[in-house]
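Spelled out, the chains give:
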Amino acid sequence: MAFSAPVSASPYSYKCDSGAFTHDALPNRKAKVTPFSFLPFQRPPIYKIGFASQCERRDASSVNVLASITSTDVSVDESLEKGQLPKGHTWSIHKFGGTCVGNSQRIGDVAEIVIKDDSERKLVVVSAMSKVTDMMYDLVDKAQSRDDSYVSALETVLEKHKSTAIDLLDGDELASFLSRLHYDINNLKAMLRAIYIAGHATESFSDFVVGHGELWSAQMLSSVIRKSGVDCTWMDTRSVLIVNPVSSTQVDPDYLESEKGLEKWFSENSSKTIIATGFIASTPQNIPTTLKRDGSDFSAAIMAALLRARQITIWTDVDGVYSADPRKVSEAVILKTLSYQEAWEMSYFGANVLHPRTMIPVMQYDIPIVIRNIFNLSAPGTIICRHSVSENEDGQSLESPVKGFATIDNLALVNVEGTGMAGVPGTANAIFGVVKDVGANVIMISQASSEHSVCFAVPEKEVKAVADALEARFQQALGAGRLSQVAVIPNCSVLAAVGQKMASTPGVCATLFSALAKANINVRAIAQGCSEYNITVVVKREECVKALRAVHSRFYLSRTTIAMGIIGPGLIGSTLLDQLRDQAAVLKEKFNIDLRVMGITGSRTMLLNETSIDLSRWKEVQKDKGEKADLWKFVQHVHGNHFIPNTVLVDCTADSEVASHYYDWLRQGIHVITPNKKANSGPLEQYLKLRALQRQSYAHYFYEATVGAGLPVITTLQSVLETGDKILRVEGIFSGTLSYIFNNYIGARAFSDVVREAKEAGYTEPDPRDDLSGADVARKVIILARESGLKLELSDIPVENLVPEPLRASASGEEFLQQLPQFDQLMAEKQQDASEAGEVLRYVGVVDVVNQNGAVELRRYKKDHPFAQLSGSDNIIAFTTERYAKQPLIVRGPGAGAEVTAGGVFSDILRLASYLGAPS
């Protein structure tokens, strides 16, 4: 049974030679059906010409062109005089996808955009209405499965287009379209019935059925535009575009024949506004086919090349091309420009840009592609062109060397390893020959220069077949030991960093891998081409989003984002939260630092949030919605959010139990910041273990506020040592409370009165004995001693306790204060002796590095000594070193109070952000 084209129909409508091919013409039973054949129109001989059939991933300058298209444009005026097709910048190409023409309202919006375009000539490529292509494929699937519901499904297709046309058109335009629609539907019924009987559909039959969606949307849009008085006609691109199928997923355009077809079509249908069908084309034998995946974009690119157009605008439902998948990176930004190569690379790795082959036709003529959002006309979109890097007046790049990041999930690594591979020609050919025979798609390849191993990534669903085939092919080599293993590493993802400027910017790799390391991400394999347009790494699938966020943040495309957990919202913790609240906006705007408090926990209740806690009302929310405190659950919540690459826990308690978890947190890659002295002043063995881990890992442990509140005591000491100086002695007034007491213990004042005054002013702990015992100063001394290199236990530090022996067992702090006046005379005598000698009393801590000891005691200093010049609750620390031997290096300032202590913790948080990539 052969099909021929009826005189009044489209060249690709069919009827039976023996009569009308209707639904009733075939017997309602299984029957043998003679294969269909399409009777082609007569065409001149085909001369194959076009671009390379495979989109090799390399520089545009090395794209293989089988035969170039002539670049000599014919002027518009000369073309018109000769009746030829005008070419050049007068043409503007638009492409609207299925979402853009998804219903009558959207088709009307598209028509308005086309009409408002003031280009002299316009060619508009349209896809089928949203979901229609899927519906058409479903029709074929149902028919060849002998599912009778294909009939009702076809009626649904009819009603969808009929109702849309009724909304948009009227009069003769509506009648004409509905007539053609019903004619097409009847032909489709006959075709599907034949497929139903045969139980099989060839690719040509399937392509013929599926292509109708584009025919109908193009006709409707052209009719709507004509309603507005604009000269407009529609083009069935099957009569223009000629392609040679290469495989089931790829076709090569025949540009010479397509150009002839376009010139012939234009000579018969001259118009300044043309609505062309996307996705569909014909073979040289006039058999209908499609341009496969993203075919409508490809159609627009081919048409732009044939017309030498000024630009292509591809209308979508997003504002442009993002620097990363916005579903994974909420801070992803719209890129203003991309080069062809950058867009090519990003699309290969799964970014929602364009199919790589879409770039091939336009690259020949440097035709820019603009990606715009039909639902947000105010957005300028992304321009894809030859050069994408903007520069300032000095010629310096204004953009990051990395333009964007893309990922591919659900992959597995195959590692073929063995000493017998080294120096043996043809090993790689044999390996990938096996992979080719299996039909697997290789995403990336990495080989060590020693040739000891080759690893490559393939889709996880294909890895078993690949591994089995490799083991079968190399069975003898495996048995003889020339190959040691064919190993499969499942659950992998590929992360690619793409940027044209990477090739000329030193340090990009270092920055990329530093960001991954700081986020505690292990890299399993690496690949980079010599063009340096992309760096590809393989990571664990469950860490892919975290890795993506880490590298995206590091290259300044988004804020340095840190997930924070605050432990201990007491006086210092709540003050810190207030400071974070007040400074958050400034940090985001000026320093690209995004600090997100994901959890706050006390000893009884905790507050958790998936994105960030509102710090303006956290106390009320915790009271209403807080849950029972659970430190393990708290840590898992803060650290388990893979959308944020960096996690820090801020311990604002004085709890040794919390401090005991620091080691485990650092091992998990969680940064720790604290004013809690318990960890660094605890057992020496645990301290050394903690510091060793800190030096080995990329997790940071900052504790500036453990000594001197907000004063830079720890960093000063560390800087002195790091520059090669040697600490000889550290001496200082480390307690703001005791500094206040002895600064005000002058004249005839009673010591007990000064202590009570300090408590009422909020300088002391609730029980002043905690300050007067000297235990807190001893912890600070042991911290500085250990930082200076001394291996001392807290018990090695002698401490002068200012609490009288009889009062150390007092029931409460208030009882202690009531009884303290009984012992004023003892302190008065010491004060009197010092005063008569022209000296003052100061409670100090000393680290004697030379003699390897330390002490906490009440000492006397001359009135001209720096320690005697203090006021209020100031701290003062003197560093005597080999470089500062004659005159010590002195750090002085407020050393007590929630504001300055919280400020010291905040400073450590910003220091961490700087280490993680925030601009300084």
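Preceding block: the structure.
Here's what I pulled together on the structure shown here. In this text, all values refer to a predicted model and were calculated from it rather than measured experimentally. (Residues numbered from 1 in each chain as written. Predicted model: local features only at pLDDT ≥ 70, side-chain atom pairs only at ≥ 80, totals over all residues. Heavy atoms only, no water.)

Right, let's talk about unusual backbone geometry for a bit. Phi at Lys 131 is positive, roughly 75 degrees, even though this residue is not glycine. In this structure, Lys 131 sits in the loop between strand S4 (121-126) and helix H3 (132-144). For Asn 520, which is not glycine, the phi torsion reads 65 degrees and is therefore positive. You can see Asn 520 is positioned in the loop between helix H15 (508-518) and strand S19 (525-528). (Helix = DSSP H or I, 4+ residues; strand = E, 2+ residues; numbered from the N terminus.)

All right, on to the environment of Ser 400 then. Within the secondary structure layout, Ser 400 lies in the loop between strand S14 (382-385) and strand S15 (404-417). Classification of Ser 400 as buried rests on a relative accessible area of 18%. Distance in space between the C-alpha atoms of Ser 400 and Val 508 is 9.8 Å, their sequence separation being 108 residues. (Buried < 20%, exposed > 50% of the residue type's maximum accessible area, 1.4 Å probe, protein only.)

This brings us to the sheet that holds strand S20 (residues 534-540). Strand order across the open sheet formed by six strands is S16-S17-S15-S18-S20-S19, with antiparallel pairing between neighbours. On the outer flanks of this sheet lie strand S16 (444-447) and S19, each paired with one strand and no other. Pairwise comparison of adjacent strand axes, ignoring direction, gives a mean angle of 30 degrees for this sheet. The pairing of S15 with strand S18 (residues 485-498) spans 11 bridges and is antiparallel. Bridging from a neighbouring strand, Leu 413 pairs with Ile 489 of S18. H15 contacts S15, S18, S19 and S20 of the sheet and is inclined by roughly 15 degrees relative to S20. Helix H16 (residues 544-554) contacts S15, S18 and S20 of the sheet and is inclined by roughly 125 degrees relative to S15. (Pairing = 2+ DSSP bridges. Axes fitted to C-alpha atoms, helices over the stretch in contact; angles between N-to-C directions. Contact = heavy atoms within 4.5 Å.)

What follows is about the pattern of salt bridges. Per the counting criterion, the structure on display carries 41 salt bridges. Across the pair Asp 776 and Lys 780 runs a salt bridge whose closest N-O atoms are separated by 3.4 Å. With Asp 776 and Lys 780 both in helix H28 (residues 775-787) and four residues apart, the pair spans about one turn of that helix. Taking the relative accessible area as the measure of exposure, Asp 776 reaches 25% and is therefore partly exposed. Given a relative accessible area of 7%, Lys 780 falls into the buried group. Each of Arg 729, Glu 731, Asp 848, Glu 857 and Arg 859 takes part in one network of salt bridges that share partners. (Salt bridge = Lys/Arg side-chain N within 4 Å of Asp/Glu carboxyl O.)

Okay, the packing of helix H8 (residues 255-268) against helix H9 (residues 295-307) next. Close contact between H8 and H9 brings their axes to 10 Å; oriented N to C, the two are set at 75 degrees. Taken as axis vectors, H8 and H9 run roughly perpendicular relative to one another. Across from Tyr 255, Ser 258, Glu 259 and Leu 262 in H8, the residues of H9 making contact are Ile 302, Leu 306 and Leu 307. Taken together, the residues that form the contact of H8 with H9 break down as five nonpolar, one polar and one charged. (Parallel < 35°, antiparallel > 145°, perpendicular 65-115°, else oblique. Nonpolar A, V, L, I, M, F, W, Y, C, P; charged D, E, K, R; others polar.)

A few words on the side chain of Thr 601. With respect to the element layout, Thr 601 can be found in strand S22 (residues 593-601). The class of Thr 601 is buried, set by a relative accessible area of 3%. Setting aside chain neighbours within four positions, we find Thr 601 in contact with Ile 566, Ile 567, Gly 568, Pro 569, Met 606, Ala 629 and Phe 634.

So, on to the sheet that holds strand S32 (residues 889-894). An order of S30-S29-S28-S31-S32 is seen for the five strands of this open sheet, with the pairing classed as antiparallel. The two strands at the open ends of the sheet, each matched to only one other strand, are strand S30 (853-862) and S32. Neighbour to neighbour, the strand axes of the sheet diverge by 20 degrees on average, direction disregarded. Judged from the six bridges that link them, strand S31 (residues 874-881) and S32 form a sheet pairing that is antiparallel. The residue bridging Asp 874 from the neighbouring strand is Pro 894, located in S32.

Inspection of the entire model under this criterion finds 14 aromatic pairs. Look at Phe 405 and Phe 555: their rings are 5.9 Å apart centre to centre, the planes differ by 50 degrees, and that puts the pair in the tilted class. Here Phe 555 lies in the loop between H16 and strand S21 (560-567) and Phe 405 lies in strand S15, a separation of 150 residues in the sequence. Just as Phe 405 is buried, Phe 555 falls in that class too. Each member of the aromatic cluster is reached from another via a ring pair, and the members are Tyr 662, Trp 665, Tyr 701 and Tyr 703. The ring of Tyr 687 carries the charged tip of Arg 786 above its face, separated from the ring centre by 5.2 Å. Here the guanidinium or amino end of Arg 911 rests over the ring plane of Phe 702, the centre of that ring lying 4.0 Å away. (Phe/Tyr/Trp six-rings, centres within 6.5 Å; stacked < 30°, edge-to-face > 60°. Lys NZ or Arg CZ within 6 Å of the ring centre and 35° of its normal.)

Quick look at the nonpolar core now. For soluble globular proteins, the rule of thumb is that nonpolar side chains tend to be buried together. Grouped together as the largest cluster of nonpolar side chains are 70 residues, with contacts concentrated most on Trp 665, Ile 741, Phe 742, Leu 772 and Leu 784. Looking at this core, the element that brings in the most residues is H28, giving seven residues. Sequence-distant contacts of Trp 665, defined by excluding residues within four places in its chain, comprise Ile 567, Leu 631, Val 635, Leu 649, Val 658, Ile 670 and Val 672. Within the second largest apolar cluster, 54 residues are counted, among which are Phe 96, Ile 185, Leu 215 and Ala 218. (Core = buried A, V, L, I, M, F, W, Y, C linked by side-chain atoms within 4.5 Å.)

You can see Asp 824 is positioned in helix H30 (residues 824-836). It turns out Asp 824 is buried and unbridged, and the closest side chain with the opposite charge, Arg 756, is 9.7 Å from it. Beyond its immediate stretch of four places on either side in the chain, Asp 824 contacts Tyr 745, Ala 750, Phe 751 and Ser 752. (Lys, Arg positive; Asp, Glu negative; His and termini not counted.)

Most of helix H11 (residues 356-363) is tucked away: eight of the eight residues are buried. For H11, every residue scored as buried is listed here: Pro 356, Arg 357, Thr 358, Met 359, Ile 360, Pro 361, Val 362 and Met 363. Buried residues in H11 make contact with strand S7 (250-253), H8, H9, strand S11 (311-316), helix H10 (340-348) and strand S13 (369-373).

Attention now moves to helix H18 (residues 618-625). For H18, the set of buried residues is Trp 618, Val 621 and Gln 622. When H18 is viewed along its axis, its buried side chains cluster within an angular range of 100 degrees and face the same direction. Summarising the geometry of H18, the exposed residues directed more than 90 degrees from the buried face are Lys 619, Lys 623 and Asp 624. For H18, the secondary structure elements touched by its buried residues are helix H17 (571-591), S22 and strand S23 (605-608). (Arc of directions from axis to C-beta.)

With that out of the way, let us pick up the environment of Leu 262. Of note, Leu 262 is situated in helix H8. Between the alpha carbons of Leu 262 and Met 303 there is a distance of 9.0 Å; along the sequence they are 41 residues apart. With residues near it in sequence (within four places) discarded, Leu 262 still touches Leu 85, Met 235, Val 240, Leu 306 and Leu 307.

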